[in-house]
Structures are given as structure tokens and as C-alpha cells.
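For reference, the chains in residue letters:
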Amino acid sequence: MTVSLQSVEAEALKLSPEERAELIERLILSVVPAPPLSAAWQAEIERRISDMDAGRTQPIPAEEVFARIDEKLRRAGA
């Protein structure tokens, strides 16, 4: 059985936005694998995930982060 690009796309569009984002990430990594992480970066990632899972830190929406950066740049005259 041959699956066409059009049928795969049609099925993918039935997914939620979050599921489509996950699918996109998986497809990209299947074409361009992520480089291996150093032990230090892996430990940092695990620490941050642990902090979030334990409620010791809260995520900040990207829009808010970029707004803060824009404001700092504006104040600096950039």
C-alpha cells in the first residue's frame, strides 16, 4: 500500500496544533539529526526540567520574553 504525501498531509492537519508541532519536530530530526549534547548541557536540561516539575520555577511565555528584550533594547537605544 502506497501512502501519498497528500493523504499524510490531510491526516496531519487533523491533529491538534500541539501534536502538529511535535510531528514537525520529529520530521525535522529525521532529516537533520540534532547534534549530541555535552554532558554539561544534558545535566543543565535535566536540572531545569526537574525544577519545573517540582514547581521551583515557572515557564515564561516566549512573547513575554521577547517583549522584555525589545523593551531593554529600546531603552538602550538599539
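Note that this is a predicted model, so its numbers are computed, not measured.

Caption draft 1: Spotlight on the overall build of the chain. Looking only at helices and strands, the chain features four helices and zero strands. Secondary structure elements of the chain, listed N to C terminal, follow the sequence α-α-α-α. For the chain, whose C-alpha radius of gyration is 19 Å, the value lies well above the compact-globule estimate of 12 Å for 78 residues. Its C-alpha atoms give the chain principal-axis dimensions of roughly 60 × 35 × 25 Å. Per-residue burial for the chain yields a buried fraction of 3% across its 78 residues. As presented, the chain carries roughly 7200 Å² of accessible surface, and 62% of it is formed by carbon and sulfur atoms.

Caption draft 2: Quick look at a nonpolar patch on the surface. Together, Ile60, Val65, Phe66, Ile69 and Leu73 give the surface a local cluster of nonpolar side chains, amounting to about 430 Å² of exposed area. Of note, Val65 is situated in helix α4 (residues 62-76).

Caption draft 3: Seen up close, the environment of Phe66. Among the secondary structure elements, Phe66 is positioned in helix α4. The exposed category is assigned to Phe66, whose relative accessible area is 53%.

Caption draft 4: Representation of the pattern of salt bridges in the model. In this structure the tally under the stated criterion is nine salt bridges. A salt bridge links Arg47 to Asp51, with the shortest nitrogen-to-oxygen separation between them at 2.9 Å. Linking Arg47 with Asp51, this pair stays in helix α3 (residues 39-53), spanning four residues, or about one helical turn. Residue classification places Asp51 among the buried residues on the basis of a relative accessible area of 16%. The network of salt bridges with common partners includes Glu44, Arg47, Arg48, Asp51 and Arg56.

Caption draft 5: Here's a closer look at the side chain of Asp51. Side-chain polar atoms of Asp51 contact the side chain of Arg56, separated by 2.8 Å. When near neighbours in sequence (up to four residues on either side) are disregarded, Asp51 contacts Arg56 and Thr57.

Definitions and cut-offs
- Residues numbered from 1 in each chain as written.
- Predicted model: local features only at pLDDT ≥ 70, side-chain atom pairs only at ≥ 80, totals over all residues.
- Heavy atoms only, no water.
- Helix = DSSP H or I, 4+ residues; strand = E, 2+ residues; numbered from the N terminus.
- Rg over C-alpha atoms; globule rule 2.2 N^0.38 Å.
- Buried < 20%, exposed > 50% of the residue type's maximum accessible area, 1.4 Å probe, protein only.
- Areas by Shrake-Rupley, 256 points an atom, 1.4 Å probe, with all protein chains shown as cover.
- Patch = residues over 30% accessible without salt bridge, like charges linked within 9 Å, V, L, I, M, F, W, Y side chains within 5 Å.
- Salt bridge = Lys/Arg side-chain N within 4 Å of Asp/Glu carboxyl O.
- Polar contact = N/O pair within 3.5 Å; in protein donor to acceptor, adjacent residues only side chain to side chain.
- Contact = heavy atoms within 4.5 Å.

That's the geometry; what it means functionally is another story.
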